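As a plain string of letters, each chain reads:
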Amino acid sequence: MTLAIERPVGVFGRKDLPDDWAHEQVTYFQDPETGLRAIVAIHDTTLGPALGGTRFYPYEDESVALTDVLRLSQGMTYKSAVAGLPLGGGKAVILGDPATMKTQALLEAYGRFVQTLGGRYITAGDVGTNSDDLDVIGRVTEHVVGRNVAAGGSGDSAPMTALGVFQAMRAGARAVWGVPSLAGRTVGVEGVGKVGYQLIDLLIADGASVVAGDVNSSALERVVHDFRGVRTTGSIIDLDVDIYAPCAMGAILTGGAVVDIRAKLICGAANNQLAHPAVERQLADRGITWVPDYVANGGGIIQVAGERESAAMDQVRARVEKIFDTTVEVLDTAKREGMLAGAAADTVAEARISSSRARRTSPCTR
Ligand code: NAI
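Residues numbered from 1 in each chain as written. Predicted model: local features only at pLDDT ≥ 70, side-chain atom pairs only at ≥ 80, totals over all residues. Heavy atoms only, no water.

Enquirer: So what about the packing of helix α12 (residues 313-321) against helix α13 (residues 323-337)? Which residues, and what values?
Expert: Relative orientation of the contacting elements α12 and α13 amounts to 15°, with a least axis distance of 4 Å. Here α12 lies roughly parallel to α13, going by the angle between them. On α13, the residues that touch R319, V320 and E321 of α12 are I323, F324 and D325. (Axes fitted to C-alpha atoms, helices over the stretch in contact; angles between N-to-C directions. Helix = DSSP H or I, 4+ residues; strand = E, 2+ residues; numbered from the N terminus. Parallel < 35°, antiparallel > 145°, perpendicular 65-115°, else oblique. Contact = heavy atoms within 4.5 Å.)

Enquirer: Please set out the sheet that holds strand β11 (residues 289-290) residue by residue, giving values where relevant.
Expert: A sheet is described by the order of its strands in space; here six strands give the open sequence β8-β7-β6-β9-β10-β11, paired in parallel fashion. Here the strands that pair on one side only, and so sit at the sheet edges, are β8 (231-232) and β11. Summarising the sheet, strand β7 (residues 209-213) and β8 pair through two bridges and their orientation is parallel. From the neighbouring strand, V211 faces β8, where its bridge partner is R231. (Pairing = 2+ DSSP bridges.)

Enquirer: Residues and numbers for the sheet that holds strand β1 (residues 25-31), please.
Expert: Ordered by their spatial adjacency, five strands build an open sheet running β1-β2-β4-β3-β5, and the pairing between neighbours is mixed. Every other strand in the sheet has two partners, leaving β1 and β5 (121-125) as the edge strands with one partner each. Ignoring which end each strand starts from, the neighbouring axes of this sheet average 25° apart. Where β1 and strand β2 (residues 36-44) come together, seven bridges link them in antiparallel fashion. In the sheet register, Q25 faces β2, and the bridge partner there is I42.

Enquirer: Tell me about the nonpolar core, and please be specific about residues and values.
Expert: Counting 63 residues, the largest nonpolar core has M169, V189, L199, I200, L203 and V223 as the members making the most contacts within it. Per-element accounting of this core gives the leading share, nine residues, to helix α5 (residues 158-177). Built from parts of two domains, this core gets at least three residues from each of domain 1 (25-76 + 88-151) and domain 2 (158-298). What M169 contacts, discounting residues up to four positions off in sequence, is L182, V187, L199, L203, I243, A245, L265 and C267. One finds F56, A109, Y110 and V114 within the second-largest nonpolar core, a separate group that totals 20 residues. (Core = buried A, V, L, I, M, F, W, Y, C linked by side-chain atoms within 4.5 Å. Buried < 20%, exposed > 50% of the residue type's maximum accessible area, 1.4 Å probe, protein only. Domains from an automatic or database assignment.)

Enquirer: Pulling in residues and values, what's your account of the pairing of strand β9 (residues 243-246)?
Expert: Residues of β9 alternate between two faces, with I243 and A245 on one and Y244 and P246 on the opposite face, all of them buried. The pairing of strand β6 (residues 186-190) with β9 spans four bridges and is classified as parallel. Note on β9: the bridge partner recorded for V189 is A245. Relative to strand β10 (residues 265-266), β9 runs parallel, the two sharing two bridges. Across the sheet, I243 pairs through a bridge with L265, a residue of β10.

Structure below.
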(Lines give C-alpha, C1' and ligand atoms only; values in the text may rest on other atoms or scores of the structure.)
Protein backbone atom coordinates (compact mmCIF):
# COMPACT_ATOMS: atom_id res chain seq x y z
CA MET A 1 0.00 0.00 0.00
CA THR A 2 1.17 3.47 -0.72
CA LEU A 3 -0.74 6.33 0.72
CA ALA A 4 -1.84 8.90 -1.80
CA ILE A 5 -3.36 11.14 0.83
CA GLU A 6 -1.65 14.46 0.43
CA ARG A 7 0.04 15.37 3.64
CA PRO A 8 3.66 15.83 4.57
CA VAL A 9 5.21 12.41 4.91
CA GLY A 10 7.27 11.23 7.83
CA VAL A 11 6.12 12.77 11.11
CA PHE A 12 8.82 10.76 12.84
CA GLY A 13 11.45 11.00 10.13
CA ARG A 14 12.44 7.40 10.79
CA LYS A 15 15.05 6.10 8.39
CA ASP A 16 13.95 2.51 9.00
CA LEU A 17 10.42 3.40 7.95
CA PRO A 18 10.88 5.62 4.91
CA ASP A 19 7.24 5.24 3.94
CA ASP A 20 6.09 6.55 7.27
CA TRP A 21 2.60 7.63 6.45
CA ALA A 22 2.15 10.78 8.44
CA HIS A 23 -0.03 9.34 11.16
CA GLU A 24 -2.25 11.88 12.81
CA GLN A 25 -1.38 10.88 16.35
CA VAL A 26 0.72 8.34 18.19
CA THR A 27 0.37 8.08 21.94
CA TYR A 28 2.52 6.14 24.40
CA PHE A 29 1.05 5.04 27.68
CA GLN A 30 2.67 3.53 30.72
CA ASP A 31 1.47 2.51 34.12
CA PRO A 32 4.31 1.24 36.32
CA GLU A 33 1.91 -0.20 38.90
CA THR A 34 0.46 -2.76 36.49
CA GLY A 35 3.43 -2.96 34.11
CA LEU A 36 1.35 -1.57 31.25
CA ARG A 37 3.26 -0.16 28.30
CA ALA A 38 1.12 0.56 25.27
CA ILE A 39 1.15 2.55 22.06
CA VAL A 40 -1.97 3.74 20.26
CA ALA A 41 -1.51 4.84 16.64
CA ILE A 42 -4.22 6.88 15.00
CA HIS A 43 -3.47 6.86 11.32
CA ASP A 44 -6.35 8.78 9.76
CA THR A 45 -9.71 10.00 11.00
CA THR A 46 -11.05 11.54 7.79
CA LEU A 47 -13.89 9.04 7.58
CA GLY A 48 -14.54 8.82 11.32
CA PRO A 49 -12.94 7.81 14.61
CA ALA A 50 -10.04 5.41 14.32
CA LEU A 51 -11.09 1.84 15.05
CA GLY A 52 -8.76 -1.12 15.33
CA GLY A 53 -7.80 -3.91 17.67
CA THR A 54 -5.36 -4.00 20.54
CA ARG A 55 -2.52 -6.45 19.98
CA PHE A 56 -0.93 -7.80 23.18
CA TYR A 57 2.41 -9.21 22.13
CA PRO A 58 5.94 -9.79 23.51
CA TYR A 59 7.73 -7.48 21.09
CA GLU A 60 11.49 -7.66 20.95
CA ASP A 61 11.70 -3.96 21.76
CA GLU A 62 9.74 -0.73 21.60
CA SER A 63 10.89 0.14 18.10
CA VAL A 64 9.53 -3.15 16.70
CA ALA A 65 6.23 -2.50 18.49
CA LEU A 66 6.05 1.03 17.05
CA THR A 67 6.69 -0.21 13.53
CA ASP A 68 3.97 -2.84 13.92
CA VAL A 69 1.37 -0.42 15.26
CA LEU A 70 2.12 2.15 12.54
CA ARG A 71 1.71 -0.45 9.79
CA LEU A 72 -1.37 -2.05 11.30
CA SER A 73 -3.14 1.26 11.88
CA GLN A 74 -2.57 2.31 8.29
CA GLY A 75 -4.02 -1.02 7.18
CA MET A 76 -7.13 -0.30 9.23
CA THR A 77 -7.66 3.03 7.44
CA TYR A 78 -7.79 1.14 4.16
CA LYS A 79 -9.87 -1.76 5.45
CA SER A 80 -12.59 0.50 6.82
CA ALA A 81 -12.52 2.82 3.81
CA VAL A 82 -12.90 0.00 1.30
CA ALA A 83 -15.71 -1.48 3.39
CA GLY A 84 -17.53 1.86 3.15
CA LEU A 85 -17.51 2.39 6.92
CA PRO A 86 -17.61 5.80 8.60
CA LEU A 87 -14.42 4.94 10.45
CA GLY A 88 -10.78 5.85 10.36
CA GLY A 89 -7.79 3.64 10.99
CA GLY A 90 -6.13 3.00 14.30
CA LYS A 91 -4.49 0.22 16.20
CA ALA A 92 -2.90 -0.34 19.58
CA VAL A 93 -0.18 -2.55 20.94
CA ILE A 94 0.45 -3.58 24.52
CA LEU A 95 4.06 -4.60 24.98
CA GLY A 96 4.57 -7.86 26.85
CA ASP A 97 3.58 -11.47 27.07
CA PRO A 98 -0.17 -11.76 27.65
CA ALA A 99 0.35 -15.21 29.19
CA THR A 100 2.23 -13.73 32.13
CA MET A 101 1.31 -10.04 32.15
CA LYS A 102 -2.38 -9.88 31.43
CA THR A 103 -4.29 -8.90 34.57
CA GLN A 104 -7.61 -7.19 35.10
CA ALA A 105 -5.76 -4.24 36.66
CA LEU A 106 -3.54 -3.85 33.59
CA LEU A 107 -6.50 -4.05 31.21
CA GLU A 108 -8.40 -1.49 33.26
CA ALA A 109 -5.37 0.82 33.28
CA TYR A 110 -5.25 0.43 29.50
CA GLY A 111 -8.98 1.17 29.22
CA ARG A 112 -8.55 4.35 31.24
CA PHE A 113 -5.88 5.49 28.82
CA VAL A 114 -8.10 4.72 25.84
CA GLN A 115 -10.78 6.83 27.52
CA THR A 116 -8.40 9.80 27.68
CA LEU A 117 -8.32 9.84 23.86
CA GLY A 118 -11.94 10.95 24.00
CA GLY A 119 -13.22 8.57 21.33
CA ARG A 120 -10.67 9.42 18.64
CA TYR A 121 -9.58 5.79 19.02
CA ILE A 122 -11.96 2.86 19.55
CA THR A 123 -10.44 -0.43 20.51
CA ALA A 124 -11.37 -4.00 19.55
CA GLY A 125 -9.72 -7.41 19.90
CA ASP A 126 -6.64 -8.68 18.11
CA VAL A 127 -3.83 -11.17 18.65
CA GLY A 128 -3.49 -11.62 22.41
CA THR A 129 -6.80 -10.01 23.36
CA ASN A 130 -10.29 -11.48 23.31
CA SER A 131 -13.88 -10.54 24.09
CA ASP A 132 -13.41 -11.27 27.79
CA ASP A 133 -10.54 -8.77 27.91
CA LEU A 134 -12.66 -6.23 26.06
CA ASP A 135 -15.39 -6.68 28.67
CA VAL A 136 -12.83 -5.68 31.32
CA ILE A 137 -11.58 -2.72 29.26
CA GLY A 138 -15.21 -1.74 28.71
CA ARG A 139 -15.71 -1.25 32.46
CA VAL A 140 -13.69 1.98 32.24
CA THR A 141 -14.17 3.23 28.70
CA GLU A 142 -17.09 3.40 26.32
CA HIS A 143 -14.72 3.42 23.36
CA VAL A 144 -14.59 -0.33 22.90
CA VAL A 145 -16.26 -2.83 20.55
CA GLY A 146 -16.11 -6.60 20.21
CA ARG A 147 -17.28 -7.40 23.73
CA ASN A 148 -19.31 -10.48 24.58
CA VAL A 149 -23.04 -10.34 23.92
CA ALA A 150 -23.76 -10.45 27.66
CA ALA A 151 -21.65 -7.29 28.09
CA GLY A 152 -23.42 -5.44 25.30
CA GLY A 153 -21.13 -6.45 22.44
CA SER A 154 -21.88 -8.36 19.24
CA GLY A 155 -19.80 -11.44 20.11
CA ASP A 156 -17.76 -13.62 17.77
CA SER A 157 -17.07 -11.91 14.45
CA ALA A 158 -16.00 -15.09 12.63
CA PRO A 159 -19.41 -15.84 11.03
CA MET A 160 -19.56 -12.34 9.47
CA THR A 161 -15.91 -12.52 8.42
CA ALA A 162 -16.63 -15.84 6.70
CA LEU A 163 -19.71 -14.40 5.00
CA GLY A 164 -17.60 -11.54 3.65
CA VAL A 165 -14.93 -13.93 2.36
CA PHE A 166 -17.65 -16.01 0.71
CA GLN A 167 -19.08 -12.93 -1.04
CA ALA A 168 -15.62 -11.83 -2.15
CA MET A 169 -15.01 -15.33 -3.49
CA ARG A 170 -18.26 -15.21 -5.48
CA ALA A 171 -17.11 -11.91 -7.00
CA GLY A 172 -13.74 -13.50 -7.75
CA ALA A 173 -15.49 -16.42 -9.45
CA ARG A 174 -17.40 -13.92 -11.58
CA ALA A 175 -14.12 -12.32 -12.66
CA VAL A 176 -12.41 -15.63 -13.40
CA TRP A 177 -15.21 -17.83 -14.77
CA GLY A 178 -17.92 -15.27 -15.54
CA VAL A 179 -20.40 -16.69 -13.01
CA PRO A 180 -20.79 -15.38 -9.43
CA SER A 181 -21.30 -18.84 -7.99
CA LEU A 182 -19.11 -21.46 -6.42
CA ALA A 183 -21.29 -24.37 -7.48
CA GLY A 184 -19.15 -27.11 -8.99
CA ARG A 185 -15.88 -25.45 -7.91
CA THR A 186 -13.34 -27.12 -5.68
CA VAL A 187 -12.11 -24.92 -2.87
CA GLY A 188 -9.08 -25.64 -0.72
CA VAL A 189 -9.59 -24.10 2.72
CA GLU A 190 -6.36 -23.72 4.68
CA GLY A 191 -7.10 -23.26 8.37
CA VAL A 192 -10.45 -24.46 9.65
CA GLY A 193 -10.60 -22.45 12.84
CA LYS A 194 -13.33 -19.97 13.63
CA VAL A 195 -13.54 -18.41 10.15
CA GLY A 196 -12.55 -21.42 8.01
CA TYR A 197 -15.20 -23.58 9.63
CA GLN A 198 -17.97 -21.07 8.91
CA LEU A 199 -16.69 -20.59 5.36
CA ILE A 200 -16.94 -24.32 4.66
CA ASP A 201 -20.58 -24.23 5.73
CA LEU A 202 -21.31 -21.46 3.19
CA LEU A 203 -19.31 -23.13 0.42
CA ILE A 204 -21.10 -26.43 0.76
CA ALA A 205 -24.48 -24.71 0.78
CA ASP A 206 -23.49 -23.04 -2.51
CA GLY A 207 -22.59 -26.39 -4.10
CA ALA A 208 -18.80 -26.28 -3.87
CA SER A 209 -16.55 -29.23 -3.03
CA VAL A 210 -14.17 -28.56 -0.15
CA VAL A 211 -10.72 -29.84 0.69
CA ALA A 212 -9.61 -28.74 4.15
CA GLY A 213 -6.20 -28.50 5.77
CA ASP A 214 -5.13 -27.53 9.27
CA VAL A 215 -2.15 -28.17 11.51
CA ASN A 216 -4.60 -28.98 14.29
CA SER A 217 -6.01 -32.48 13.77
CA SER A 218 -8.99 -31.94 16.07
CA ALA A 219 -10.06 -28.91 14.00
CA LEU A 220 -9.97 -31.15 10.92
CA GLU A 221 -11.90 -33.91 12.67
CA ARG A 222 -14.59 -31.41 13.55
CA VAL A 223 -15.17 -30.39 9.91
CA VAL A 224 -15.17 -34.00 8.73
CA HIS A 225 -17.72 -34.82 11.41
CA ASP A 226 -19.91 -31.78 10.76
CA PHE A 227 -19.83 -31.53 6.94
CA ARG A 228 -20.43 -34.46 4.62
CA GLY A 229 -18.02 -34.89 1.73
CA VAL A 230 -15.22 -32.62 3.00
CA ARG A 231 -11.84 -34.15 2.22
CA THR A 232 -8.76 -33.38 4.28
CA THR A 233 -5.12 -33.12 3.38
CA GLY A 234 -1.81 -31.87 4.74
CA SER A 235 -0.93 -29.03 2.39
CA ILE A 236 -3.55 -26.92 0.61
CA ILE A 237 -1.55 -24.23 -1.17
CA ASP A 238 -0.26 -26.52 -3.94
CA LEU A 239 -3.41 -28.60 -4.43
CA ASP A 240 -5.12 -28.98 -7.77
CA VAL A 241 -8.19 -26.92 -6.81
CA ASP A 242 -10.06 -24.05 -8.46
CA ILE A 243 -9.84 -21.72 -5.46
CA TYR A 244 -7.33 -21.48 -2.64
CA ALA A 245 -8.74 -19.93 0.56
CA PRO A 246 -6.02 -19.05 3.07
CA CYS A 247 -7.73 -18.79 6.45
CA ALA A 248 -4.83 -19.44 8.80
CA MET A 249 -1.67 -17.37 8.96
CA GLY A 250 -0.40 -14.32 7.04
CA ALA A 251 2.60 -14.11 4.68
CA ILE A 252 1.81 -17.48 3.09
CA LEU A 253 2.07 -16.14 -0.46
CA THR A 254 5.83 -16.14 -0.90
CA GLY A 255 7.72 -15.95 -4.17
CA GLY A 256 8.69 -19.60 -3.74
CA ALA A 257 5.16 -20.80 -2.97
CA VAL A 258 3.58 -19.04 -5.93
CA VAL A 259 5.14 -21.38 -8.50
CA ASP A 260 3.33 -24.35 -6.94
CA ILE A 261 -0.13 -22.78 -6.81
CA ARG A 262 -2.55 -24.42 -9.23
CA ALA A 263 -5.71 -22.57 -8.17
CA LYS A 264 -6.98 -19.85 -10.50
CA LEU A 265 -8.39 -17.74 -7.68
CA ILE A 266 -7.07 -16.93 -4.20
CA CYS A 267 -9.48 -15.50 -1.67
CA GLY A 268 -9.33 -15.99 2.07
CA ALA A 269 -9.59 -14.45 5.52
CA ALA A 270 -5.95 -14.41 6.56
CA ASN A 271 -4.49 -10.93 7.06
CA ASN A 272 -1.41 -9.76 5.14
CA GLN A 273 -1.29 -12.78 2.84
CA LEU A 274 1.44 -11.43 0.56
CA ALA A 275 4.87 -12.06 2.05
CA HIS A 276 6.01 -9.16 -0.14
CA PRO A 277 4.04 -6.79 -2.41
CA ALA A 278 5.96 -8.07 -5.47
CA VAL A 279 4.33 -11.47 -5.04
CA GLU A 280 1.08 -10.13 -6.44
CA ARG A 281 2.77 -9.45 -9.79
CA GLN A 282 4.09 -13.02 -9.80
CA LEU A 283 0.56 -14.32 -9.20
CA ALA A 284 -0.81 -12.17 -12.03
CA ASP A 285 1.93 -13.38 -14.36
CA ARG A 286 0.80 -16.94 -13.69
CA GLY A 287 -2.81 -16.00 -14.45
CA ILE A 288 -3.95 -16.23 -10.84
CA THR A 289 -6.51 -13.73 -9.54
CA TRP A 290 -5.90 -12.62 -5.95
CA VAL A 291 -8.63 -10.88 -3.97
CA PRO A 292 -6.84 -8.45 -1.63
CA ASP A 293 -7.17 -9.74 1.91
CA TYR A 294 -8.38 -6.50 3.45
CA VAL A 295 -11.25 -6.38 0.95
CA ALA A 296 -12.32 -9.99 1.57
CA ASN A 297 -11.98 -10.09 5.35
CA GLY A 298 -13.82 -6.87 6.27
CA GLY A 299 -16.87 -8.69 7.68
CA GLY A 300 -15.52 -8.58 11.23
CA ILE A 301 -14.92 -4.85 11.23
CA ILE A 302 -18.32 -4.25 9.65
CA GLN A 303 -19.87 -6.20 12.52
CA VAL A 304 -18.07 -4.35 15.30
CA ALA A 305 -18.72 -1.03 13.56
CA GLY A 306 -22.41 -1.93 13.68
CA GLU A 307 -22.12 -2.29 17.44
CA ARG A 308 -21.45 1.43 17.78
CA GLU A 309 -24.82 2.30 16.34
CA SER A 310 -26.65 -0.69 17.81
CA ALA A 311 -27.35 -1.96 14.28
CA ALA A 312 -29.55 -5.03 14.03
CA MET A 313 -27.81 -8.21 12.91
CA ASP A 314 -29.72 -8.39 9.61
CA GLN A 315 -28.55 -4.84 8.84
CA VAL A 316 -24.97 -5.89 9.57
CA ARG A 317 -25.40 -8.97 7.38
CA ALA A 318 -26.66 -6.82 4.48
CA ARG A 319 -23.59 -4.60 4.79
CA VAL A 320 -21.28 -7.60 4.85
CA GLU A 321 -22.95 -8.98 1.72
CA LYS A 322 -21.95 -5.75 -0.03
CA ILE A 323 -18.38 -7.05 0.03
CA PHE A 324 -19.47 -8.76 -3.18
CA ASP A 325 -20.04 -5.36 -4.87
CA THR A 326 -16.81 -3.92 -3.47
CA THR A 327 -14.81 -6.89 -4.76
CA VAL A 328 -16.46 -6.57 -8.18
CA GLU A 329 -15.51 -2.87 -8.17
CA VAL A 330 -11.91 -3.64 -7.21
CA LEU A 331 -11.44 -6.44 -9.76
CA ASP A 332 -13.19 -4.48 -12.53
CA THR A 333 -11.06 -1.41 -11.79
CA ALA A 334 -7.93 -3.56 -11.92
CA LYS A 335 -8.95 -5.01 -15.28
CA ARG A 336 -10.02 -1.67 -16.76
CA GLU A 337 -6.96 0.24 -15.59
CA GLY A 338 -4.50 -2.59 -16.21
CA MET A 339 -3.39 -2.57 -12.60
CA LEU A 340 -3.07 -5.21 -9.91
CA ALA A 341 -6.02 -5.84 -7.60
CA GLY A 342 -4.03 -4.65 -4.57
CA ALA A 343 -3.42 -1.28 -6.20
CA ALA A 344 -7.04 -1.14 -7.35
CA ALA A 345 -8.25 -1.76 -3.79
CA ASP A 346 -5.98 1.02 -2.52
CA THR A 347 -7.41 3.28 -5.23
CA VAL A 348 -10.99 2.55 -4.19
CA ALA A 349 -10.15 3.17 -0.52
CA GLU A 350 -8.21 6.37 -1.24
CA ALA A 351 -11.00 7.70 -3.46
CA ARG A 352 -13.46 7.29 -0.58
CA ILE A 353 -11.12 9.07 1.82
CA SER A 354 -10.35 11.88 -0.64
CA SER A 355 -13.97 12.56 -1.50
CA SER A 356 -14.86 12.66 2.20
CA ARG A 357 -11.99 15.08 2.82
CA ALA A 358 -13.10 17.23 -0.11
CA ARG A 359 -16.66 17.37 1.26
CA ARG A 360 -15.33 18.26 4.69
CA THR A 361 -13.06 21.04 3.49
CA SER A 362 -15.17 22.56 0.68
CA PRO A 363 -16.47 26.04 1.58
CA CYS A 364 -20.17 26.42 2.24
CA THR A 365 -21.78 27.69 -0.96
CA ARG A 366 -25.16 28.59 0.41
P1 NAI B 1 -8.39 -19.28 14.39
O2 NAI B 1 -7.20 -19.20 15.28
O3 NAI B 1 -9.72 -19.61 14.98
O4 NAI B 1 -8.13 -20.35 13.22
C5 NAI B 1 -6.94 -20.46 12.54
C6 NAI B 1 -6.75 -21.93 12.19
O7 NAI B 1 -5.60 -22.04 11.37
C8 NAI B 1 -6.53 -22.83 13.39
O9 NAI B 1 -7.40 -23.96 13.34
C10 NAI B 1 -5.07 -23.24 13.28
O11 NAI B 1 -4.83 -24.56 13.77
C12 NAI B 1 -4.88 -23.19 11.78
N13 NAI B 1 -3.49 -23.05 11.34
C14 NAI B 1 -2.49 -22.37 11.92
N15 NAI B 1 -1.36 -22.48 11.19
C16 NAI B 1 -1.67 -23.21 10.12
C17 NAI B 1 -0.93 -23.67 9.01
N18 NAI B 1 0.36 -23.36 8.86
N19 NAI B 1 -1.57 -24.46 8.10
C20 NAI B 1 -2.86 -24.77 8.24
N21 NAI B 1 -3.61 -24.36 9.28
C22 NAI B 1 -3.02 -23.60 10.21
O23 NAI B 1 -8.44 -17.89 13.62
P24 NAI B 1 -9.66 -17.26 12.84
O25 NAI B 1 -10.38 -16.31 13.71
O26 NAI B 1 -10.39 -18.33 12.12
O27 NAI B 1 -8.89 -16.33 11.78
C28 NAI B 1 -8.28 -16.91 10.64
C29 NAI B 1 -7.50 -15.83 9.90
O30 NAI B 1 -8.40 -14.79 9.50
C31 NAI B 1 -6.42 -15.14 10.73
O32 NAI B 1 -5.34 -14.83 9.89
C33 NAI B 1 -7.09 -13.86 11.21
O34 NAI B 1 -6.15 -12.84 11.45
C35 NAI B 1 -7.94 -13.53 10.01
N36 NAI B 1 -9.10 -12.71 10.34
C37 NAI B 1 -10.02 -13.15 11.24
C38 NAI B 1 -11.12 -12.36 11.55
C39 NAI B 1 -12.16 -12.84 12.51
O40 NAI B 1 -13.22 -12.18 12.59
N41 NAI B 1 -11.95 -13.93 13.24
C42 NAI B 1 -11.31 -11.04 10.93
C43 NAI B 1 -10.32 -10.70 9.92
C44 NAI B 1 -9.24 -11.52 9.66
